[in-house]
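# Report on the structure
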Amino acid sequence: MKEPEAELQQEYSDPNATPAPWSEAREQLEKAEIFWLSTVRPDGRPHVTPLIAVWLDNALYFTTGENEVKARNLENNKQCILTTGCNDLHEGLDVVVEGKAARVSDEGMLKRLADAWVAKYGEDWRFEVRDGAFEHNGGNRALVFAVAPRKVFAYGRTGMYSATRWRF
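A short tour of the structure in this document, coming up. Predicted model, so just to flag it, every value in this text is computed and none were measured.

Here the focus is the overall build of the chain. For the chain, the count of helices and strands is three helices and 11 strands. Ordered by position from N to C terminus, the α and β elements of the chain give β-α-β-β-β-β-α-β-β-α-β-β-β-β. Along the longest, intermediate and shortest principal axes, the C-alpha atoms of the chain span 55 × 40 × 30 Å. Buried positions account for 45% of the 168 residues belonging to the chain. Counting contacts in the chain only where the partners sit at least 6 residues apart, residues at least 24 apart contribute 60% of the total. Within the structure as shown, the chain displays about 9,200 Å² of accessible surface, and the carbon and sulfur contribution to it stands at 46%.

As structure tokens, then:
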């Protein structure tokens, strides 16, 4: 993937701020352990939930049970947002990924993702691949979704405040 061009959002940034490099935002997506997924219910109300995710092949991947609210919401509206960052006021980089969730069922890709989950989160997150999904803890089925970014925002707070946008 060609590195996207960073655009500083002046109205949300200190006067001397510079845009965050994509490499810094990507590193945050790779190392972050907790993400917040925002989806939309059929009646238009938002739904937000924390989860774990893996950045691989220029997309974020997450799992959900077939009957969970987020899975049902994504059946009706694939648009979603994943956020991660730091809760400190004067340091850190928050990253917001906007995109469309696409179900992943390819066995080869699921096996790669299962390996990525263990590498990032440890043995407690070892998944088996069965019938186009993950299986965990002896039978709990988890659907896997990919979100390739359409837009990414990063909000920096270390030294000075900055807001950067990338379009894909």
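Next comes the rest of the write-up.
Here we come to the packing of aromatic side chains. Here a ring pair, both rings aromatic, is described through the centre-centre distance and the interplanar angle of the planes. In total, this model carries nine aromatic pairs according to the counting rule given. Centre to centre, the rings of Trp125 and Phe127 are 6.4 Å apart; their planes meet at 50°, and the pair counts as tilted. Three or more aromatic residues joined by ring pairs form one cluster here, namely Trp22, Trp55, Trp166 and Phe168.

Ranked by internal contacts, the top residues of the largest apolar core, which has 45 residues, are Phe35, Tyr61, Phe62, Leu113, Trp117 and Phe134. In terms of residues, this core owes the most to one element, strand β10 (residues 140-156), which gives eight residues. With residues near it in sequence (within four places) discarded, Tyr61 still touches Ile52, Ala53, Val54, Leu56, Val104, Met109, Leu113, Trp117, Val144, Phe145 and Ala146.

Turning our eyes to something else, we now look at the pattern of salt bridges. Applying the stated criterion across every chain yields a total of 10 salt bridges. Residue Glu7 is joined to Arg165 by a salt bridge in which the shortest nitrogen-to-oxygen separation is 2.6 Å. Of this pair, Glu7 sits in strand β1 (residues 7-8) while Arg165 sits in strand β11 (residues 162-167), placing them 158 residues apart in sequence. For Glu66, the salt bridge identified is with Arg141, shortest N-O distance 3.1 Å. With Glu66 in the loop between β5 (59-65) and α2 (69-76) and Arg141 in strand β10, this residue pair connects regions lying 75 residues apart in the sequence. Through salt bridges with shared partners, one network takes in Glu7, Arg165 and Arg167.

Assignment of secondary structure puts Arg150 in strand β10. For Arg150, a relative accessible area of 43% corresponds to the partly exposed category. For the pair Arg150 and Lys100, spaced 50 residues apart in sequence, the C-alpha separation works out to 8.0 Å.

Right, let's talk about a nonpolar patch on the surface for a bit. Where nonpolar side chains cluster on the molecular surface, the patch consists of Ile34, Trp36 and Val48 and spans about 290 Å² of accessible area. Checked against the element boundaries, Val48 lands in strand β3 (residues 46-51).

Counting buried residues along β11, five of its six residues qualify, which places the element largely inside the surrounding structure. Bridging between β1 and β11 involves two bridges; their strand directions are antiparallel. What sits directly across from Leu8, in β11, is Thr164. With antiparallel pairing between neighbouring strands as the criterion, β10 and β11 make up a hairpin whose turn holds five residues, including Gly159 at a positive phi of roughly 90°.

It is worth spelling out the side chain of Thr84 at this point. Mapped onto the elements of the fold, Thr84 is located in strand β6 (residues 79-84). Within polar-contact distance, the side chain of Thr84 engages the backbone oxygen of Ile34 at 2.7 Å. For Thr84, the contacting residues outside a window of four places in its chain are Gln28, Leu29, Ala32, Ile34, Phe35, Leu93, Asp94 and Val95.

Now for the layout of surface pockets. Counted as a void, the largest pocket has a volume near 170 Å³. Along the walls of the largest pocket sit Gln28, Ala32, Ile34, Trp36, Thr83, Thr84, Gly85, Cys86, Asn87 and Asp94, which together make up its complete lining. Classifying every residue of the lining of the largest pocket by side-chain character gives four nonpolar, five polar and one charged.

The rules behind these values
- Residues numbered from 1 in each chain as written.
- Predicted model: local features only at pLDDT ≥ 70, side-chain atom pairs only at ≥ 80, totals over all residues.
- Heavy atoms only, no water.
- Helix = DSSP H or I, 4+ residues; strand = E, 2+ residues; numbered from the N terminus.
- Buried < 20%, exposed > 50% of the residue type's maximum accessible area, 1.4 Å probe, protein only.
- Contact = heavy atoms within 4.5 Å.
- Areas by Shrake-Rupley, 256 points an atom, 1.4 Å probe, with all protein chains shown as cover.
- Phe/Tyr/Trp six-rings, centres within 6.5 Å; stacked < 30°, edge-to-face > 60°.
- Core = buried A, V, L, I, M, F, W, Y, C linked by side-chain atoms within 4.5 Å.
- Salt bridge = Lys/Arg side-chain N within 4 Å of Asp/Glu carboxyl O.
- Patch = residues over 30% accessible without salt bridge, like charges linked within 9 Å, V, L, I, M, F, W, Y side chains within 5 Å.
- Pairing = 2+ DSSP bridges.
- Polar contact = N/O pair within 3.5 Å; in protein donor to acceptor, adjacent residues only side chain to side chain.
- 1 Å grid on protein atoms, 1.4 Å probe; cavity = no way out; pocket = protein on both sides within 12 Å on 5 of 7 lines; lining within 4 Å.
- Points joined across faces, edges and corners; volume = space filled by probe spheres on them.
- Nonpolar A, V, L, I, M, F, W, Y, C, P; charged D, E, K, R; others polar.

Everything listed is a geometric property; what it means functionally is a separate question.
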